[in-house]
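If you want the building blocks of each chain, they are given just below.
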Amino acid sequence: MATCPKCKEELPLLSKICPVCGYVVEGDQNAPHANDFADALEKCLYQLKSIPLPSFMRSMAQLSFVMLPLIAVYMLMLAIVSSAGLFWVLFVLFAVLSLWVIVKKLSGKLGNDLFNRQFKEIKNEYEYHERTAKRNFGKSKEVTKLINDISSEISRIEEERNAVRRKNLFIWLVILIVFFVSGGLSIFSVDKALNEENTIVGETDKAVTPESGKNQTAQWREAMENFKNSPDYQDEYKCNEEAIKVISMILSAGEEEEAENLFLESCMGKVGDMACAMLFVEHYKTAGKLEIAKIFVDRCTGLRYKSDKKKLEKLLK
């Protein structure tokens, strides 16, 4: 093995610099000195320290390429269940955003991706200078100590970044779980409410029957007058609870036009108007009057919720 002409120490393989005294073998004036490697290592450490830690908001962006498509699917399910135009608009919006963040993710420009890539590149550069310094100055105590100190500091920075990243990821996962669990319960509640409306309508049709021996016309007229004179008639929340009973009586008497007039003039637009409207649709469908049912649905332009008209149209199919 080659030795240093000056101090007679063994030279590392392929090295032209003595790791003990720094003598340059064969007079290579361009060979790097220990100070050059020290400066390169210190520069890498400074650059790594300058890279921002993974932030909470950038971590959200990091998850957005998964979160936004899931929200889009959730909005689609709500739109299908409720037939509400707002949910269809939100579905399209989140679908477009999903495509955008997926493209950003594939290009490496989403959230913390850019800073993570910078950290990895600078760390690779540091490892290159570290290996070169060890090869040329491995026996120098000063160089070895400097490498050990900087390597320990870089390990600490890397662990800090990983800890912050894990913390942010955990928080956002908890938020996502809560969001989608509550979203699932909302979808279940909407579907259950729609089923309950159908059940209420069916049970009302069965429960409200004319009293035997009493003129049906007189009965429903009396019930309608009592209803119009009651406080519930003006109450936005209670009106349709009583209206369902009265309308069922009028439909049972075959006075469909009177029932429609009562609904359109006094009930539509108030809480529970969908349940009243469903009474008419079910009544006409049972009687085989599908065309009249379609005409009635077309007249329901003032329902409290615009999406309810689409639900009525679905019942006609």
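Quick note: structure is the one above.
Engineer: Quick rundown of the overall build of the protein? Include the residues and the values.
Structural biologist: The secondary structure content of the protein amounts to eleven helices and zero strands. Put simply, the protein runs from its N terminus to its C terminus through helices and strands in the order α-α-α-α-α-α-α-α-α-α-α. Within the span of the protein, comprising 317 residues, buried residues form 35% of the whole. Within the protein, contacts between residues at least 6 apart in sequence are counted, and of these 66% link residues at least 24 apart. Accessible surface for the protein amounts to roughly 18,600 Å². Of this, 59% is attributable to carbon and sulfur atoms.

Engineer: Tell me what's going on with the nonpolar core, and back it up with residues and numbers.
Structural biologist: Generally speaking, nonpolar side chains in soluble globular proteins are found buried as a group. In terms of nonpolar packing, the biggest core is built from 35 residues, with Ile-247, Phe-263, Phe-280, Phe-296 and Leu-312 touching the most fellow members. Looking at which element gives the most residues to this core, the answer is helix α9 (residues 273–286), with nine residues. With near-sequence residues (within four places) excluded, Phe-263 lies in contact with Ile-247, Met-268, Asp-273, Cys-276, Ala-277, Phe-280, Phe-296, Cys-300 and Leu-303.

Engineer: Residues and numbers for the packing of helix α7 (residues 239–252) against α9, please.
Structural biologist: Two numbers describe how α7 lies on α9: the axes approach to 9 Å, and their chain directions differ by 15°. Regarding the angle of α7 to α9, the classification is roughly parallel. The two elements α7 and α9 cross, and the hand of that crossing is right-handed. Seen from α7, the contacting residues are Asn-240, Ala-243, Ile-244, Ile-247, Ser-248 and Leu-251; seen from α9, they are Asp-273, Ala-275, Cys-276, Leu-279, Phe-280 and His-283.

Engineer: Quick one: what's the story with helix α3 (residues 85–106), residue by residue and with numbers?
Structural biologist: For α3, which comprises 22 residues, the first-to-last C-alpha distance of 32 Å matches the rise-based estimate of 32 Å (1.5 Å per residue) to within 8%. For α3, every residue scored as buried is listed here: Phe-94, Ser-98 and Val-101. An end-on view of α3 places all buried positions within 80° of arc, on one side of the element. Opposite the packed face of α3, turned more than 90 degrees from it, sit the exposed residues Val-89, Val-96, Leu-99, Trp-100 and Val-103. Of the residues flanking the end of α3, it is Gly-108, one or two places downstream, whose phi is positive at about 75°.

Engineer: Quick one: what's the story with the pattern of salt bridges, residue by residue and with numbers?
Structural biologist: Tallying each qualifying case throughout the model produces 14 salt bridges. With its nearest N and O atoms 2.8 Å apart, the salt bridge here joins Glu-153 to Arg-156. Linking Glu-153 with Arg-156, this pair stays in helix α5 (residues 141–207), spanning three residues, or about one helical turn. Here Arg-156 falls in the partly exposed class, since its relative accessible area comes to 44%. Here Glu-236 and Arg-304 are joined by a salt bridge, their closest N and O atoms 2.4 Å apart. Separated by 68 residues along the polypeptide, Glu-236 in the loop between α6 (216–229) and α7 and Arg-304 in the loop between α10 (290–299) and α11 (307–315) bring together distant segments of the chain. When its relative accessible area of 34% is taken as the criterion, Glu-236 is described as partly exposed. Taking the relative accessible area as the measure of exposure, Arg-304 reaches 31% and is therefore partly exposed. Via salt bridges that share partners, Lys-49, Glu-153, Arg-156 and Glu-160 belong to a single interconnected network.

Thresholds, definitions, all that
- Sequence order sets the numbering: in each chain, residues are counted from 1 along the sequence as written.
- Per-residue local features of the predicted model are confined to residues with pLDDT of at least 70, and side-chain atom pairs are confined, for both listing and counting, to 80 or more; whole-chain, interface and lining totals are unaffected and use all residues.
- The side-chain figures draw on all heavy atoms in the structure; neither hydrogens nor water molecules are used.
- Secondary structure elements follow DSSP: runs of H or I no shorter than four residues count as helices, runs of E no shorter than two count as strands, and numbering proceeds from the N terminus.
- Burial here depends on accessible area, computed with a 1.4 Å probe over protein chains only, as a share of the maximum for the residue type. Under 20% is buried, over 50% is exposed, and the range in between is partly exposed.
- Contact definition: two residues touch when any of their heavy atoms are within 4.5 Å.
- What sets the accessible areas is the Shrake-Rupley method with a 1.4 Å probe; for residues, cover comes only from the shown protein chains.
- For the purposes of this section, nonpolar cores are sets of buried Ala, Val, Leu, Ile, Met, Phe, Trp, Tyr and Cys residues that join through side-chain atoms within 4.5 Å.
- Orientation is described by axes fitted as lines to C-alpha atoms, over the contacting stretch for helices, and by angles from 0 to 180 degrees between their N-to-C directions.
- If an angle is under 35 degrees, it is roughly parallel; if it is over 145, roughly antiparallel; if it lies from 65 to 115, roughly perpendicular; otherwise it is oblique.
- Handedness of a crossing follows from how the near helix is turned relative to the far one, being left-handed for an anticlockwise turn of less than a right angle and right-handed for a clockwise one.
- By this rule the span expected of a helix is its residue count minus one, scaled by 1.5 Å.
- In this context, the arc is that of the directions from the helix axis out to the C-beta atoms.
- By salt bridge we mean one thing: a side-chain nitrogen of Lys or Arg within 4 Å of a carboxyl oxygen of Asp or Glu.

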